[in-house]
Structure formats: C-alpha cells, structure tokens
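Per-entry structural report
Here are the chains, one letter per residue:
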Amino acid sequence: MAEVDIAPNFGAELKDGWKPVNAWVSNGISWLDEIQQFYRDRSVIEKEYSQKLSGLAKKYFEKKAKRSSPLSVGDTPSVTPGSLESASMTTWAVQLTTLESRAAEHDKFANQLVSSLAEPLRNLAARYEDLRKQHAEYAAKLEKERDGAYTDLKKSKGKYDSVCQEVENRRKKTESSFDYGKTKAQGQYQSQLGEMRNIKNTYLITINVTNKQKERYYHEYIPELLDSMQGLSESRTARLNNIWSTAAAIENQTMANSTQLLNHLSNEIPRNNPVLDSMMFVRHNAVQWQDPLDFGFEPSPVWLDDDTMASDPASKTFLMNILTKSKDSLVGLRKECDARRREVEGAKRVRQAIREGKDKRDEVEVVRGQFHNQEVLHESERKRTTAEVEVSTITSNVGDVSIGAKNHAFKNQTFKIPTNCDLCGDRIWGLSAKGLSCEECGFTCHTKCELKVPADCPGELNKEQRKTAKAERQAAAQAQQAAPAPATNGAGGGGSGHPGLQRSDTMGSMNTLSSGYAASAHRSVSGTTARSSVVEDGPAPPSKIGSAPRAHRMVAPPPAAMASPPATSGDTEGKMLYAYQANGDGEISVPEGQDFALLEPDDGSGWIKIKPSSFGASAGLVPASYVELAPTSSPFESRPARPISTASGSTTSLTGSDTATSKPPGAKKQGPAVAPRRGAKKVKHVEALYTYSAANPGETDMEEGEKMVLLQADQGDGWCEVESRGGRGVVPASWVREV
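Attention in this report is confined to the structure presented alongside it. (Residues numbered from 1 in each chain as written. Predicted model: local features only at pLDDT ≥ 70, side-chain atom pairs only at ≥ 80, totals over all residues. Heavy atoms only, no water.)

Before going further, it helps to examine the overall build of the protein. Counting its secondary structure elements, the protein contains nine helices and 17 strands. Burial statistics for the protein: of 739 residues in total, 31% are counted as buried. Residue pairs in contact within the protein that sit at least 24 positions apart in sequence constitute 67% of those at least 6 positions apart. For the protein, the exposed surface amounts to about 46900 Å²; the carbon and sulfur share of it is 53%. (Helix = DSSP H or I, 4+ residues; strand = E, 2+ residues; numbered from the N terminus. Buried < 20%, exposed > 50% of the residue type's maximum accessible area, 1.4 Å probe, protein only. Contact = heavy atoms within 4.5 Å. Areas by Shrake-Rupley, 256 points an atom, 1.4 Å probe, with all protein chains shown as cover.)

Once that is clear, we can look at the pattern of salt bridges. Scanning the model with the defined rule gives 33 salt bridges in all. With a closest N to O distance of 3.7 Å, arginine 351 and glutamate 363 form a salt bridge. Of this pair, arginine 351 sits in helix α6 (residues 313–355) while glutamate 363 sits in helix α7 (residues 363–398), and the two are 12 residues apart along the sequence. A salt bridge links glutamate 388 to arginine 384; its shortest N-O distance comes to 3.7 Å. Linking glutamate 388 with arginine 384, this pair stays in helix α7, spanning four residues, or about one helical turn. For glutamate 388, a relative accessible area of 29% corresponds to the partly exposed category. Here the residues in one salt-bridge network are Arg40, Glu119 and Arg122, joined through shared partners. (Salt bridge = Lys/Arg side-chain N within 4 Å of Asp/Glu carboxyl O.)

Let us now look at helix α8 (residues 463–482). In a regular helix each residue adds 1.5 Å, so 20 residues correspond to 28 Å; α8 covers 29 Å between its end C-alpha atoms and thus fits that length. Of the surrounding secondary structure, the elements contacted by the buried residues of α8 are β2 (419–420). N-cap assignment for α8: the residue whose side-chain oxygen lies 3.3 Å from the backbone N of glutamate 464 is asparagine 462. (Expected span 1.5 Å × (residues − 1). Polar contact = N/O pair within 3.5 Å; in protein donor to acceptor, adjacent residues only side chain to side chain.)

With that settled, the discussion passes to the packing of aromatic side chains. One pass over the full model with this rule turns up 12 aromatic pairs. Arranged with centres 5.0 Å apart and planes meeting at 65°, the rings of phenylalanine 38 and tyrosine 39 form a pair that is edge-to-face. Looking at phenylalanine 38, the relative accessible area reads 46%, which means it is partly exposed. Accessibility expressed as a relative area gives 7% for tyrosine 39, which makes it buried. (Phe/Tyr/Trp six-rings, centres within 6.5 Å; stacked < 30°, edge-to-face > 60°.)

Let's shift gears to the nonpolar core. In terms of nonpolar packing, the biggest core is built from 29 residues, with Tyr39 and Leu121 touching the most fellow members. Among the elements of the structure, α2 (18–73), α3 (87–176) and α4 (179–268) are those that each provide at least two residues to this core. A total of 11 residues in this core trace back to one element, the largest contributor, which is α4. Ignoring sequence-local partners within four residues, the contact set of tyrosine 39 consists of Leu113, Leu117, Ala118, Leu121, Trp244 and Ala247. (Core = buried A, V, L, I, M, F, W, Y, C linked by side-chain atoms within 4.5 Å.)

Moving on: the side chain of serine 437. Tracing the chain through its elements places serine 437 in strand β4 (residues 434–438). By relative accessible area, serine 437 is classed as buried at 13%. Beyond its immediate sequence surroundings of up to four residues, serine 437 is in contact with Ala409, Phe410, Lys411, Gln413, Phe443 and Thr444.

Bringing a positive patch on the surface into the picture now. A contiguous patch of positive charge, built from Lys59, Lys63, Lys66 and Arg67, is present on the exposed surface. Inspection of the secondary structure puts lysine 63 in helix α2. (Patch = residues over 30% accessible without salt bridge, like charges linked within 9 Å, V, L, I, M, F, W, Y side chains within 5 Å. Lys, Arg positive; Asp, Glu negative; His and termini not counted. Charge placed at Lys NZ, Arg CZ, Asp CG, Glu CD.)

Another point: the sheet that holds strand β9 (residues 595–600). If you walk across this open sheet you meet the five strands as β11-β10-β9-β8-β12, and the pairing is antiparallel. Strand pairing shows two members of the sheet lacking a second neighbour, β11 (620–623) and β12 (627–629), which therefore form its edges. The mean angle between the axes of side-by-side strands here comes to 45°, regardless of whether they run parallel or antiparallel. Across four bridges, β9 lies against strand β10 (residues 607–612) in antiparallel orientation. Its bridge partner being in β10, alanine 597 is matched across the sheet by lysine 611. (Pairing = 2+ DSSP bridges. Axes fitted to C-alpha atoms, helices over the stretch in contact; angles between N-to-C directions.)

With antiparallel pairing, five strands are arranged side by side in an open sheet as β16-β15-β14-β13-β17. Two strands lie at the open edges of the sheet, namely β16 (727–732) and β17 (736–738), each paired on one side alone. Neighbouring strand axes in the sheet, compared pairwise and without regard to direction, differ in orientation by 45° on average. By the bridge criterion, six bridges tie strand β15 (residues 719–724) to β16 in an arrangement that is antiparallel. Pairing of cysteine 720 across the sheet is with valine 731, part of β16.

Residues Gly620 and Val622 of β11 are buried on one face, and the alternating residues Leu621 and Pro623, pointing to the opposite face, are buried as well. Direction of pairing for β10 relative to β11: antiparallel, over a ladder of four bridges. Within the sheet, the bridge partner assigned to isoleucine 610 lies in β11 and is glycine 620.

Once that is clear, we can look at the packing of α6 against α7. Packed helix pairs are specified by the crossing angle of their axes together with the interaxial distance, meaning the distance between the axes. Close contact between α6 and α7 brings their axes to 7 Å; oriented N to C, the two are set at 155°. As far as their axial angle goes, α7 and α6 are roughly antiparallel. Crossing of α6 against α7: the hand is left-handed. For the contact of α6 with α7, a count of residues per class yields 18 nonpolar, seven polar and 15 charged. (Parallel < 35°, antiparallel > 145°, perpendicular 65-115°, else oblique. Left-handed = near helix turned anticlockwise from the far one by under 90°. Nonpolar A, V, L, I, M, F, W, Y, C, P; charged D, E, K, R; others polar.)

Moving on: the environment of glutamate 703. Inspection of the secondary structure puts glutamate 703 in the loop between β13 (684–688) and β14 (707–712). The exposure class of glutamate 703 is buried, given its relative accessible area of 13%. Sequence separation between glutamate 703 and alanine 688 is 15 residues; the distance between their C-alpha atoms is 6.5 Å.

On the surface, a cluster of nonpolar side chains totalling about 240 Å² of accessible area is made up of Val275, Leu276 and Met279. Along the chain, valine 275 turns up in helix α5 (residues 274–285).

Before going further, it helps to spend a moment on the environment of isoleucine 610. The residue isoleucine 610 is located in strand β10 in this model. In this structure the C-alpha to C-alpha distance between isoleucine 610 and alanine 597, which are 13 residues apart in sequence, comes to 5.7 Å.

Okay, the environment of serine 392 next. Looking at the element boundaries, serine 392 is found in helix α7. Within the structure, the side chain of serine 392 is placed 3.0 Å from the backbone oxygen of valine 389, a separation counted as a polar contact.

Glancing now at the side chain of threonine 700. Inspection of the secondary structure assignment puts threonine 700 in the loop between β13 and β14. What makes threonine 700 buried here is its relative accessible area of 0%. Only 3.3 Å separates the side chain of threonine 700 from the side chain of serine 724, close enough to count as a polar contact. Within the local environment of threonine 700, its side chain forms a polar contact with the backbone oxygen of glycine 727, the two atoms lying 3.4 Å apart.

Further remarks concern the state of the cysteines. With the rule as written, the count across this model stands at zero disulfides. Distance from the sulfur of cysteine 421, which forms no disulfide, to the nearest cysteine sulfur (cysteine 424) is 3.6 Å. Among the cysteines around cysteine 441, which has no disulfide bond, cysteine 438 carries the closest sulfur, lying 3.6 Å off. The buried category is assigned to cysteine 441, whose relative accessible area is 1%. (Disulfide = S-S within 2.5 Å.)

If you want it as structure tokens, here you go:
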C-alpha cells in the first residue's frame, strides 16, 4: 500500500465534525464484532469439515478391513495371508491416514480461529467501545458548557433590555412630574440610569466571555477531541491488522502442515508397483493343476456302437459337404485371423507407449479397441480351429471325399408357393418356407437337408431340363420315402438281417385315466377352444329377460388321437382375412390375403405380432380376429379329425367362418370390432374365476384363469361384455374379476 505524503488531521480539517466522526468511529468498532463472528463461523465450518473428513476416513478404514483379504489374495486363497496386505492396500492405508491427519489439522485450525482471533477481537471491540463512549461523554459535556454560555449571554441580554426599558419609563415619568414630585422622579431616574450602565457593562463582559469560550470550543476543545477519535480509529485499524496477520499465519501454517502430509503421500504412491499386487496374488493362490482329460467317444446305453466313423454312401455325402464347407472357409478365416492379430499387436505397442509417456492417447479407449479386436480374433480363431479339425478328422478317417465333387451352387430362397424338397420330398412351407435353391440346376431343398444333398450337380440347365430333373428328383424322393428303411445294427452300415428297431405309439396306452380326465385338457380349433365336460361350479349367472334357463354345455375331452402340442410363435403361419390399417404405435398396415409368420401369439389382449412375408416388410401388431392361422404340423395329422361338437347354443363363429357371406360380390370385407390394444388409455382386463360355456346368443365362452379385455362393465343386469379367445360377447359379471 502506498505511503501517505501528508497525514490528515481531523481537528484541522473537519472543524465542527464531531457527529460524523463519532458515527464513523462507532461503525468501525462495531465492525470488529462482524469480523470476530466471521472467524467463529469459519471455525464452525472447519470443525464440521474436520469431523466429516475424520468420519470419512473411519468409514473407509472399516471397509478396508473387510475387503483387505479379498482384494489382496482373492476370495479363496490357497495360502492364508495373515496380516499381510497388498501394495495397493498399503498405499490406500497411507491415503486414509493422511486424511485423518488433515482432519486433525483442520480441527486444530478451527480451535485457533476462536482462541487466537475471535476472542481477542471481541475484547478489543469492547475496550474501544468504552473509549469511544468516554469521548462521546466529554463531547456532550463541552456542548453543554457551550450551550450554557449561550444561555447566560441570552439572559444578560434580556436583563439589559429590561433595565433599558425601565430607564425609559423613569425618564418619561420625570418629564411628566411637577415641582416636588419632579425632583423625586429625577433622582429615581438617575439611580435607574446607573443601574442600566452596570448591567450594560455586565452584558458586554458576558459577550466577550461567550465569544472566547466559543472560539476555544471550535478551535481547541473540539479539534482535540476529533484528533483523539482519529487516533482511536487508527489504533483500532492497527490492532485489526495484527489480528489479520495472525489469522494468515495460522492458516498458512495449517496449509503447510497439510502440504507436508500430501507430499509424503505423493512420495508413497510411486512405490506401489502394479507388479507387486499380481505377485502377492499368485503366491497365495498357486496350486497344483493338471490339464483336464480329453473327451472320448461314449456309446449310448441303448445302442451298441464304437468310435469308428460311419462311411456308408449317405454318411460320406454328409461328410463331403462338411469337408467342402470347411475347406472353403479356411482361407478367409486365416486371412482374418492374421489381420486381427496385427491389430491386437499394434494396440499392445500403443499401450506400452502410453505407459512410458510417449503417447498421449486415452489408454482406456485403446484397451477398449484392443479388447474388441481380441474378441473378434477369438471368434475367428475358434471358427478356424473348428474348420481345421473338421478337415483333418474327415480326411484321416475316410480320406479326401471332396475330390471330384460337383457341389450345387445353393443360395437362400424364400418360396412364395408350396414347393417340395428334392431330397426328402416334404413340403417347403410354413416357417420352413425358407430353403435353398441351386442357381445352376434348380435343385431345391430344406436348409436342414443341405448337408445331405449329393454333390452331383449336372451344371447349367434350361427351363425344360429343370422341369424334367425336378420330376425325376421328386419321384426318387417319393420312392425313397415309400421304401422301408433297411435294418442296421451299428454305424458301419452293414445289414445283418435282423428286424429294425421300431417305436410304438404310446398315446393310447397313456390315455387310461381311471377317474375321468383333467378339467384343464383343451385343444385349439381355428381360434376356438373345446372345453371339457366338467365345468367348475361358480355362482349362478343372472338370467336374461326373455331367455330360456341356461343349460351347461357338455363337451367330451379330446381323445388321444387328437392330442397335439399347442401352436407356438416359432412354427405358425397364416394369412389376413381382412385388410387392416395401423392406428397406433407398434401396429402395421396389412392388406387382405397377405401371408405372414406369427412372431408372438395372442396373450389374451386380442392382438398378435406378425411378420408379413413380402420383401422388406416390418413386423408389428394386428388384431387377432383379422387373421387365420394355418394349422401346425403334428405327429397325428394322418389320423381322422374329430368333428367339432354342435351341441352348443353359442352364436360365436369360428375365425373366418362368417366373413363376406352377406356382402355383394366385389365389396370390400369389413373386419370385426377390434379390442383396445394393450397400452392404450382406459383399457381394463378381467380374469375368469370359473369356466363358462355360452348358452344363448350374444354370450361367449371363457376358461378359468383366462385373461380377457373388458369392453363394457356390468350395467346393473349382472352381465359384462368382454373380448375372449372365444370371441366377443357377454359373460356373468360375478364370474370374473378385474386385474
């Protein structure tokens, strides 16, 4: 701060400035209270910070004690570490100890803020306030003396004015008196005139005294008092500077101690060599280990066989196709492995440069890229190893059977119309519509049949030749299906003349329940559900006005010949009975008659998820009542179908059974009412408490536990309208509950 050339003097500069000086000095003294309160608040903060640091160190010391052993030697070490800790845990302990020491430093600093700063400031403020009050009392005394002199002067002036008036009165009286009375009045006049002169002299003296006192008040008394107040203020500032210097020194010492602690910590961290943790872990987890035994061929407990690879013509065809695919893939896999290996080695070199400080890239991102390349390299090496072992295994057992083979140039094909496999003769339809087709000769087969196809491609054929070859292949496939399979007694393919193994139908033998059948047995027929003849008793449904008494429908359980697993989303296809226009998120627009594959079946909401078969079409939701699902293949398809019972009085039609019957030719078919899709607003679901069979028009069926969409709640007649698997209709409101 710059030096002041001429020191100011309150007495010489401010003259009659007692009031502003007194107020200014008083503000400076009261400011000391704010400063000492600042240090007290700072002390509270430092104390809280110290407590939080100490609590944090204690908390993580406890966590360290619990995790020290697992982090040092793992969860299940072969050698107990005892009290030993890894280098990282030791370094971590140094950090926590440093934190505790810093907490102690802050606690010490908090105490010094109160004892060395706040308390001295409070005492200093009290002492300076007492001095200021003494100055204020002295100033009040001087002002009172000045005002007293002014009052005396005013009284003297009043007395002089009154005596002058009396003299004038005596003079007038003298002028108006006669003879003897005039002489007396003249004497009184002269006496009063002398009194007036004395009082005048006193008044003049009082004026001089008052002026002198006034002069000394403004030029001596008050300037001295102001100079004293100036000294008081400057003394306060000097003492405050000393206290501030003490505060800075205390805080500087605290920071120096903390810096010393952190310097010690900084010197300890480089001693934590990353190799030390690994070394300790290895020494405490090293155990004797042997490679797992190689796997060997284990014959089936129901089929006597050995480890000789089958070499009959069909097996050789299968092995030839595997060998050809493996050989073709080896070249590309080896190139890919070499490229990925070079990328991994490059990433390792970059990591080493980063650790040496020669590269400024982010090591985490480099490791991320290296790990990605290692994963891709691993997958490629697994495929290469598999291909190499397949080639070596096949060639060492049956020789290189791929020599001279004329493989078909297969490509993936989705068949829009029913097509038969040229190898097995089965239809390529449904979810298996995706097959393979040879680009040269037109050979078609299932994807699963690709490896069984002989390598006898005749080469490029024209349209007529393809038709002829197709007919011959289909005839051969049908003949092969019709011919009985020769019995074998092993993998060698040699016939022994013994009758072949046969599997008998066990469905009939299992359908021997002595006490009826399970009430939950049911089967799906075109979207409807045939129920058992046992209907669980529930509350009596309310009777409708004008309707006949309700009779339970009796439906026999499905016989063993009709038992078949329910269709799932993985093996079901169908087509659209009506065109549907999407109205919400997740829905798709589909034209009438569009074929599709079922991705997710109806879960009771009235909606299904499909994937149209047209190229580029996306999957989405459509109403279940707008579609017709194709029946799934079953081991019992060749058996006669059981007719659907017609004893029911329900008017709910089967899916698609009443479509377009009342429409004029060429009119666009209108789809049924669509239940609100799940996720829409104000959609309620109910769950069936009992099994119910429709007995009157407008009712619908439901199974116990079935979840349905509530379309209209009970209006007071005891019935509610729902959308169930059996269709849309009313059911007894007391037979369902909201979910």
